[in-house]
Amino acid sequence: MKTIAVQGVSKEFLFTRQRLESRNIRDLIHWRHQKPASAAPTFLALDEINFEAHAGEVIGILGRNGAGKSTLLKVLSRILRPTKGRIELNGRVGSLLEVGSGFHPELTGRENVFLNAAILGMTKREIYGKLDQIVDFAGITTHLDEPVKTYSSGMYLRLAFAVAAHIEPEILLIDEVLAVGDAEFQKKSMKRIEEIGTQRQTVLFVSHNMQAIMRLCSRALLLDRGKVVASGPVPDVVAAYLQIDGGHRGERHYPDGPYAPGSHVARLRGIRVRSCEGQTLSTVSIGEKFGIEMQFEVMSAGSTLYPTLSLYNEWGTEVFLSTDVTTEWHGRPRPAGWYTVTAWVPPNLLREGLLNVTAAIYSFQPYFIHFKESDVVSFQTVESSDGINARGNFIGYIGGVVRPLLDWTVHYEAIRTDSRAPRE
Amino acid sequence: MIIESSGISLVERVKEYRRYGTLFLFLAIRDIRLRYRQTFLGLLWSVLQPLVPMVIFTLVFSRLLRPETDGVPYYLFALGGLTPWMFFANSINAAGATFVQNANLLNKVYFPRAIMPAAAIAAYVLDWLIATIILSIFLTRAGYSPSLVWLCLPLIIVFAAIVAVGVGVAVASLSAVYRDVKHALPFVVQVWMYATPVVYPIKLVSKRLQWVLAMNPMTGVVEATRACLFGLGVDWPLLSISMASALLILAAATALFHKVEADLAERV
């Protein structure tokens, strides 16, 4: 049975802050003098979206930040209205766009369960029928009649997710809610979504997490700048997702010597991100070793040059800076010629995200910057879905600038049952 | 269900509001539970709210102005007007703030939006009920015997609630667009009270001009409440004007809400 049919749906936002913020009385007075709406710059968050979904399908929605994934879910859940187009929904829609919306700290756990379930569209009878299951799922039975302001953040989130996970609409929209709770609770949540998928419900699932998408979804859509650019079996769409480079590129060359960045001594002629096999990459799997290759030309002999490469993450934080200390050329004057240097990045060091490369050549004594090119190339890192990685079983967001796979050791001691044990 | 840029069809809208009846109920219960939680006096506040102005107005009016109140003691006369008025004033204050206060929720979850102001108003029915019980105790102590006509009071509160929903939804919608509304509302409510015969009898205005006063639907609410409590005659022509004007306000508020609702999540 067809549950969702989206036909030519667009959503336009006014770019000016005016529409998004409220007007004040001065604007009211100047209302007549306002420019016609068509002159205001707009932003097309969704651009002629078409797709269909059927009962029992779990569809993953992929795309970079700003691709329109969240807007699509908001339009489907009717939080936002489409500017154009037509959406047909057969069945009730439930959305899990953010768990715990509508929780009130002064209310008890039980009161919040009731209110939150009603906000999510459950009727009184359904809520009474599910109460035990919800409380059981969240594992907070003993605190149920205390105000949620006394809960730990973990308990709070577990209860919120438990409510959300038990709405049983025909169409369920989920936006990155798995980043909740500890690993065990996450497993439970994943299992719950899998169950929903087998219950003849339609699930649309937005996530940046390839593992979760691959595991849960039967089909996927790829959004890019508001358009559906790929749709079909999950592995194909994931592959397409990894290929869109969103304007960044893993390679740059400077064929015209005089225009290449550099000094009269050394010039940058090319840089790329490469695999061990020599392929140029714009997307790198965290679990694999890769290289950043820089090619430069030395025009006059005798200078000691320090080629350096640094990586910056999407927040502008410098992840590392590296120079060629391990080569025989380090700290030695160089003869004229072409040099190709490669910095090899070991597997399981970076975290997933976007990385920008800054390439530079310095001299010391006297200090001189021959060139320093920021963001000369950039690439995306993705989590590999197999093999050992630093993520382990964890599905949600992991912070940190790097995510190295560290060696851990464990020293374990069993609880002793002698006199030092606490009295019963 | 078909969604287009104009929203969903009227039939779907009606079905949807019916389906979310549980939410309406639970939101009203939440409001009641939270209103006086962590207060020392609790529900007593709903009694004090009309009683305090009653004392003040009794001191001022009955001593200085001695208005003609059809033989009803002034303090009872004032309380009879203040009880429905307090319901209305509290209701529109609470309902008017719902959209802006719940901006985050409106951006995360969909539910038929007008439920929020409506539930905020429903939560004040309890306060009205308590105040009315106190009022009836005052009445019996003053020698009025409980009468079957008092059973009309629930009908009058329905009338008052219709007025409150109209005004409350309009205020909530307007505040989503113009934040000025929040600052203007207290003055408007104050002026509105004096434009309503709450603490003075409608007879203070000449008979020929009373219909102007009746265009304010709260005039009808207050007059009907008093007629019911003190067993006075109902001025049906005036009451009809008030009722018609209440329906007009409700229709205008619905139209305004419908316009704002389209991009409410982006505005709040």
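Our structure is the block above this text.
We now turn to the structure provided with this report. Bear in mind the structure is a predicted one, so any value in this text is a computation, not a measurement.

**Things to note about the overall build of chain B**
Of regular secondary structure, chain B possesses 12 helices and one strand. What you see for chain B is a C-alpha radius of gyration of 20 Å, in line with the 18 Å of a compact globule of 268 residues. For chain B, buried positions account for 54% of its 268 residues. The long-range fraction of contacts in chain B, counting pairs at least 24 apart against all pairs at least 6 apart in sequence, stands at 79%. With the model as given, the accessible surface of chain B reaches about 12500 Å², and the carbon-plus-sulfur share is 71%. The positive charge centre, built from 21 side chains, and the negative charge centre, built from 13, are 6 Å apart in chain B.

**Looking at the overall build of chain A**
Along chain A, the regular secondary structure elements total nine helices and 20 strands. Per-residue burial over chain A gives 48% buried out of 424 residues.

**With respect to the interface of chain B and chain A**
Between chain B and chain A, the contact holds 42 residues from the first and 48 residues from the second. It is B:I3, B:K108 and B:E266 that lose the most area in chain B upon contact with chain A, and together they represent 18% of the buried surface on that side. The salt bridge involving A:K11 is made with B:E266; its shortest N-O contact spans 3.0 Å. Between chain B and chain A we count eight residue pairs in polar contact (both at pLDDT 80 or more) in total. If you tally residues by element for the side of chain B that touches chain A, the top one is helix 2 (residues 21–35) of chain B, at eight residues. A class-by-class count of the residues in the side of chain B that touches chain A yields 20 nonpolar, seven polar and 15 charged. Of the strand pairs in this sheet, strand 4 (residues 84–89) of chain A and strand 1 (residues 2–3) of chain B are connected by two bridges, and their pairing is antiparallel.

**Some words on the pairing of strand 15 (residues 306–313) of chain A**
Looking along a regular strand, one sees the side chains alternate between the two faces of the sheet. Residue and element names in this part refer to chain A. The buried fraction of strand 15 is high, at seven of eight residues. Bridge count between strand 15 and strand 19 (residues 353–363): eight bridges; the pairing is antiparallel. Of the residues in strand 19, the one forming a bridge with L311 is V357.

**Focus on the sheet that holds strand 13 (residues 290–298) of chain A**
Residues and elements named next belong to chain A. Pairing is antiparallel in the open sheet, where four strands are placed in the order 10-11-13-18. At either end of the open sheet lies a strand with only one pairing partner, and these are strand 10 (251–253) and strand 18 (337–345). Across this sheet, the average inter-strand angle for adjacent strands is 20°, counted without regard to direction. As defined by bridge partners, strand 13 adjoins strand 18 across nine bridges and the pair is classed as antiparallel. Bridge pairing links G291 to W344 in strand 18.

**Brief notes about the environment of B:P117**
Residue and element names in this part refer to chain B. The residue P117 is located in helix 6 (residues 115–141) in this model. By relative accessible area, P117 is classed as buried at 0%. A sequence separation of 98 residues divides P117 from R19, and the C-alpha atoms of the two residues are 17 Å apart. Once residues lying within four places of it in the same chain are set aside, the contact partners of P117 are A95, T98, F99 and V169.

**Side note on the state of the cysteines**
Applying the stated criterion across every chain yields a total of zero disulfides over all chains. Cysteine B:C228 is unpaired, with the sulfur of B:C152 as its nearest cysteine sulfur at 4.8 Å.

**A look at the pattern of salt bridges**
Within this structure, the stated rule accounts for 26 salt bridges over all chains. Taking the shortest distance from any N to any O, the salt bridge between A:R86 and B:E4 comes out at 3.9 Å. With A:R86 in strand 4 and B:E4 in the loop between strand 1 and helix 1 (10–19), this pair bridges two chains. Its relative accessible area of 34% is what places B:E4 among the partly exposed residues. In this structure, the salt-bridge partner of A:E106 is A:K149, at a minimum N-O distance of 3.2 Å. Note that A:E106 is positioned in the loop between strand 5 (93–96) and helix 4 (109–119) and A:K149 in the loop between helix 5 (124–138) and helix 6 (153–165), a separation of 43 residues in sequence. The class of A:K149 is partly exposed, set by a relative accessible area of 44%.

**Structural notes on the sheet that holds strand 6 (residues 171–175) of chain A**
Sheet strands pair via backbone hydrogen bonds, and the direction of the pair is either parallel or antiparallel. Residues and elements named next belong to chain A. Spatially, six strands are ordered 5-6-7-3-8-9 in an open sheet, and the strand pairing comes out mixed. Whereas interior strands pair on both sides, the edge strands pair on one side only; in this sheet they are strand 5 and strand 9 (227–232). Adjacent strand axes in the sheet meet at a mean angle of 20°, parallel and antiparallel pairs treated alike. As defined by bridge partners, strand 5 adjoins strand 6 across four bridges and the pair is classed as parallel. The residue bridging V93 from the neighbouring strand is I171, located in strand 6. Those strands touched by helix 3 (residues 69–76) are strand 3 (58–62), strand 5, strand 6, strand 7 (202–206) and strand 8 (219–224), and its axis lies near 150° from that of strand 6.

**Topic: the packing of helix 6 of chain B against helix 7 (residues 153–177) of chain B**
Residues and elements named next belong to chain B. At a minimum axis separation of 10 Å, helix 6 and helix 7 run at an interaxial angle of 145°. Helix-helix and strand crossings are classified by hand; for helix 6 and helix 7 the assignment is right-handed. Here P117, I121, W128 and T132 of helix 6 come into contact with helix 7, specifically with L153, P154, I157, A164, V165 and V169.

**What to know about helix 6 of chain A**
Here helix 6 of chain A contains 13 residues, and its C-alpha end-to-end distance of 18 Å stays within 8% of the 18 Å for a straight helix at 1.5 Å per residue. Buried residues of helix 6 of chain A: A:M155, A:L159, A:A160, A:F161, A:A162, A:V163, A:A164 and A:A165, and no others.

**Some details on the nonpolar core**
B:L23, B:W85, B:F88 and B:V199 are the most contacted members of the largest nonpolar core, which has 133 residues in total. Those residues in contact with B:F88, other than ones at most four positions away along the chain, are B:V163, B:A164, B:V167, B:W192 and B:M218.

**A word on unusual backbone geometry**
All names here are of chain A. Residue P366 is bonded to the preceding Q365 through a cis peptide linkage, with omega at -5°. Here P366 is to be found in the loop between strand 19 and strand 20 (368–382). The backbone of R78 sits at a positive phi, close to 75°, despite the residue not being glycine. Examined against the element boundaries, R78 turns out to sit in the loop between helix 3 and strand 4. With a relative accessible area of 14%, R78 lands in the buried category.

**Some thoughts on the pairing of strand 9 of chain A**
Residues and elements named next belong to chain A. Sheet topology places strand 8 next to strand 9; five bridges connect them, and they run antiparallel. Residue L221 lies in a different strand from strand 9, and its bridge partner there is S231. Linking two consecutive strands that pair antiparallel, namely strand 8 and strand 9, is a turn of two residues; a positive phi of about 45° is found at R225 within it.

**Quick look at the packing of aromatic side chains**
Inspection of the entire model under this criterion finds 17 aromatic pairs over all chains. Seen in terms of ring centroids, A:F103 and A:Y156 are 5.2 Å apart; in terms of plane orientation they differ by 75°. Their pairing is edge-to-face. Note that A:F103 is positioned in the loop between strand 5 and helix 4 and A:Y156 in helix 6, a separation of 53 residues in sequence. Classification of A:Y156 by relative accessible area gives partly exposed; the value is 26%. Look at B:Y74 and B:F77: their rings are 5.9 Å apart centre to centre, the planes differ by 35°, and that puts the pair in the tilted class.

**Topic: helix 8 (residues 180–194) of chain B**
Residues and elements named next belong to chain B. Look at helix 8: 22 Å from first C-alpha to last across 15 residues, which is about the 21 Å you get at 1.5 Å a residue. The axis of helix 8 is deflected most strongly, by about 30°, at P186. Looking only at helix 8, the buried set comprises V181, L185, V189, W192 and M193. Among the structural elements, helix 3 (44–65), helix 4 (74–101), helix 7 and helix 10 (217–230) are those in contact with the buried residues of helix 8.

Parameters at a glance
Residues numbered from 1 in each chain as written. Chains lettered and ligands numbered in written order. Predicted model: local features only at pLDDT ≥ 70, side-chain atom pairs only at ≥ 80, totals over all residues. Heavy atoms only, no water. Helix = DSSP H or I, 4+ residues; strand = E, 2+ residues; numbered from the N terminus. Rg over C-alpha atoms; globule rule 2.2 N^0.38 Å. Buried < 20%, exposed > 50% of the residue type's maximum accessible area, 1.4 Å probe, protein only. Contact = heavy atoms within 4.5 Å. Areas by Shrake-Rupley, 256 points an atom, 1.4 Å probe, with all protein chains shown as cover. Lys, Arg positive; Asp, Glu negative; His and termini not counted. Charge placed at Lys NZ, Arg CZ, Asp CG, Glu CD. Buried area = accessible area lost by both parts, 1.4 Å probe. Salt bridge = Lys/Arg side-chain N within 4 Å of Asp/Glu carboxyl O. Polar contact = N/O pair within 3.5 Å; in protein donor to acceptor, adjacent residues only side chain to side chain. Nonpolar A, V, L, I, M, F, W, Y, C, P; charged D, E, K, R; others polar. Pairing = 2+ DSSP bridges. Axes fitted to C-alpha atoms, helices over the stretch in contact; angles between N-to-C directions. Disulfide = S-S within 2.5 Å. Left-handed = near helix turned anticlockwise from the far one by under 90°. Expected span 1.5 Å × (residues − 1). Core = buried A, V, L, I, M, F, W, Y, C linked by side-chain atoms within 4.5 Å. Phe/Tyr/Trp six-rings, centres within 6.5 Å; stacked < 30°, edge-to-face > 60°. Bend = angle between axes of the 7 residues up to and from the residue.

Just geometry here; none of it tells us what the structure is for.
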